[in-house]
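Now for the letters of each chain:
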Amino acid sequence: MEEKHMQSVLISLLRQDKVQLWTEPFISDQQKIQELAQKYVSATEFTLEEVISTLESIRADTSRKDEGNKEFKETAVASLELHLPKTAEIKKKKVQLKTKLDITTQELKKQISEEYGFKHFNLILTGTTLSPGKRLDEQNVKNNSKIMVLVVSSEQEKTEMLKNEEKKRQQDEGFQRTQKGFQILSERDGSEDPTTTPFLEIADQKGNPLQIPDSERKALILAMGFHEKGRALMKKRNHSAALSHLLQADEQFNKCNSALLKTVDNYAVLQLDVVWCYQALQQLDCLNDARERLERAEDCFKRCYGEQQSRLQQIKGHTGGEDVLFLRLYLLQSLLAYHDGKKNQALNKLRNVEELYGQLGLDPEKMLQLLTLGFSEQEARLGLRACRGDVEAAERLITQRKKEKKELKEREREKRRRRLQDINTLVELGFSKRDAARALHQSRGDVDKAYGVLLDSAEAQSSDTQTNLDQLLDNQGVVPPDLLSPSPPSSSSEEPSTSYDSTASGSSRLDEELVNEALEDIPRHEEDYLDLTLDEEKQLMEQIRSSLEKQSSSSG
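Residues numbered from 1 in each chain as written. Predicted model: local features only at pLDDT ≥ 70, side-chain atom pairs only at ≥ 80, totals over all residues. Heavy atoms only, no water.

**Student:** Mind showing me how you'd approach the nonpolar core here?
**Tutor:** Here is a general trend for soluble globular proteins: nonpolar side chains tend to be buried in one another's company. Within the largest apolar cluster, 63 residues are counted, with the highest numbers of intra-cluster contacts made by Leu 272, Phe 301, Leu 325, Leu 329 and Leu 331. Mapped by element, the contributors of at least two residues to this core are α6 (214-235), α7 (239-253), α9 (266-280), α10 (287-305), α12 (323-339), α13 (343-360) and α20 (535-555). Residue contributions to this core peak at 12 residues, all from α12. Setting aside its immediate chain neighbours within four residues, Leu 329 contacts Leu 272, Leu 294, Ala 297, Glu 298 and Phe 301. By size, the runner-up hydrophobic cluster in this structure holds 19 residues, among which are Ala 78, Phe 118, Phe 121 and Val 141. (Core = buried A, V, L, I, M, F, W, Y, C linked by side-chain atoms within 4.5 Å. Buried < 20%, exposed > 50% of the residue type's maximum accessible area, 1.4 Å probe, protein only. Helix = DSSP H or I, 4+ residues; strand = E, 2+ residues; numbered from the N terminus. Contact = heavy atoms within 4.5 Å.)

**Student:** Would you take a moment to explain helix α15 (residues 377-386) for this structure?
**Tutor:** Since one α-helical turn is 3.6 residues long, residues separated by three or four positions face the same way. Burial within α15 is extensive, with 9 of its 10 residues counted as buried. Turning to α15, its buried residues number three or more, namely Gln 378, Glu 379, Ala 380, Arg 381, Leu 382, Gly 383, Leu 384, Arg 385 and Ala 386. Looking at the buried residues of α15, the elements they touch are α12, α13, α14 (364-372) and α16 (391-428). Directly beyond the C-terminal end of α15, a positive phi value near 50 degrees is found at Arg 388.

**Student:** Teacher, can you tell me more about unusual backbone geometry here?
**Tutor:** Both trends apply: most residues other than glycine have a negative phi, and most peptide bonds are in trans. Within the chain, Ala 76 stands out as a residue other than glycine whose phi angle is a positive 65 degrees. Within the secondary structure, Ala 76 is located in the loop between α3 (48-75) and β1 (77-83). For Ala 76, a relative accessible area of 37% gives the class partly exposed. Of note in this structure, Arg 237 is not a glycine but carries a positive phi near 65 degrees. For Arg 237, the location among the structural elements is in the loop between α6 and α7. The class for Arg 237 is partly exposed, based on a relative accessible area of 48%.

**Student:** Honestly, the environment of Leu 21 in this entry has me stumped. Any pointers?
**Tutor:** Residue position: Leu 21 is located in the loop between α1 (2-16) and α2 (30-43). Residue Leu 21 is classed as buried on the basis of its relative accessible area of 0%. Considered as a pair, Leu 21 and Ile 58 are 37 residues apart in the sequence and their alpha carbons are 7.9 Å apart.

**Student:** Would you mind showing me how to read the pairing of strand β5 (residues 146-151) here?
**Tutor:** Regular strands place their side chains on alternate faces of the sheet. Across 3 bridges, β1 lies against β5 in parallel orientation. Bridge pairing links Glu 81 to Lys 146 in β5. Direction of pairing for strand β3 (residues 121-125) relative to β5: antiparallel, over a ladder of 5 bridges. Opposite Phe 121, over in β5, you have Val 151 as the bridge partner. (Pairing = 2+ DSSP bridges.)

**Student:** Would you explain the pattern of salt bridges in this entry?
**Tutor:** As a working rule, side chains carrying opposite charge can pair if their charged atoms are close by. Taken as a whole, this structure holds 15 salt bridges when the rule is applied. Note that Arg 237 and Glu 536 form a salt bridge whose closest N and O atoms lie 3.4 Å from each other. Taken together, the residues Arg 237 in the loop between α6 and α7 and Glu 536 in helix α20 connect sequence positions 299 residues apart. The partner of Glu 537 in a salt bridge is Arg 328, and the shortest N-O contact between them spans 2.6 Å. Of the two residues, Glu 537 sits in helix α20 while Arg 328 sits in helix α12, which places them 209 residues apart along the sequence. Note on accessibility: Glu 537 and Arg 328 belong to one class, buried. Each of Arg 231, Asp 273, Arg 328 and Glu 537 takes part in one network of salt bridges that share partners. (Salt bridge = Lys/Arg side-chain N within 4 Å of Asp/Glu carboxyl O.)

**Student:** When you look at the packing of aromatic side chains in this model, what are you seeing that I'm missing?
**Tutor:** Each aromatic ring pair is specified by the distance between its two centres and by the angle formed by the two planes. What the rule picks out here adds up to 5 aromatic pairs. On the numbers, 5.5 Å between centres and 20 degrees between planes, the contact of Phe 301 with Tyr 305 is stacked. Highlighted residues: Phe 301 and Tyr 305, both in helix α10, separated by 4 residues, approximately one helical turn. Take Tyr 305: its relative accessible area is 2%, and that puts it in the buried class. When the ring of Phe 326 is compared with that of Tyr 330, the centres are 6.2 Å apart and the planes differ by 45 degrees; the resulting orientation is tilted. Here the residue Phe 326 and the residue Tyr 330 both occupy positions in helix α12, the gap between them amounting to 4 residues, near one helical turn. (Phe/Tyr/Trp six-rings, centres within 6.5 Å; stacked < 30°, edge-to-face > 60°.)

Written as structure tokens, this is what we have:
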């Protein structure tokens, strides 16, 4: 962390002074490097020895990358930066290794073993262990990638390898099951029997359904489903698996209308969650992407919540609960500013974090008062934070929320009852239950319009049937090729169908299993995303504060 910080500070100064260390006179004149280092000692808190060493390292890295990029373009031979474990025989921690990227991890390990003498070790790329049998380029290894060599015992290597392969297999399988489950849900359009078929609706912050075009609704359900699954994995501290789900959620969100994303805070929260996983996995190579994501999150919060959270106050009547999001935002901004060598900015953001942390800390006595009244720990925590520690206000708010939820459920129950009644009315008029349900969905619950839709459909089908009979007569009973339906997909097809047909004998047992698994991670409380214990945040705060204080003491 300190080495990265020194490099960031000095790179920033070099850019500011438009100095290119890899050009003359710095290549051949060591005195010029000394003079530059002396100048930067007075502008930073580093020693002369540290500045010279870091400048030399920056120059060497840049020259090496330039040469490596040229070589990679010409020969497809990549330069990898290996981070070696410290041993008595190996003094250098970082070394360069030249290799093609179409070889397997096992072949690369053989090269490393011959060069440095390690017998049993794993190779780690941005928090993920490279699989021995897979090619490097299949595992996102690129020119200039940084790879850590992690030495293990023979038995440990075998166990680790089996464990990692099993973990990866489970993660891949879990990811695919989640995707299939939410795809099934996204295909359901509300036309099935609501008493037997799970169906997801997009609702506002009060729980009222929003009217969204079908194409966007499907993308939103997938996005929010993957996001919730990712959040569930984050709570288990499984940040690697969480990140893959969050990035898939991001991909689905980006299929939605940008105007919609500007009015909901889900997208901003997702950006924060992605960056939180980056820092948990110590993926410092993702700093540029992290910076852009935090900017998007901050812009989105401003639009959704309004200046001084005025819009949020108007919608919800309180704003305290959302402060946990701003705490995490400022904390991540402080971390990035530190890595960028912007000490003052890092310190200012950290002060904002510490101030919010003080406000969001919960008094155990107040928590106990609310728990004694029969509220859950989550309800008490969210209520107290929303009301900034006022117990009586929190009690009123939680009670009001419970009342609103109950009323919403009753309205939904009544809506379902009326809908089933309307379906039965249309069935009595001679239409199938499935067609009646779909027509009602299409006409947004208006039974007269639904009847019109069904009549139009029946007339169209009658007309098509007559046309087909006429064509059969014209062709002397032979069905023309253009009227033949395409063959149904083979049951052994690699890509499983995600459509849902309520006319079948109910969806398959596997489909229902997948849907139930997907729904497991949908939180019961609509503000679950605001319910942070702040334990991880406190740990990161202390880490940044300690690093900043070390710098100050070394400069003093």
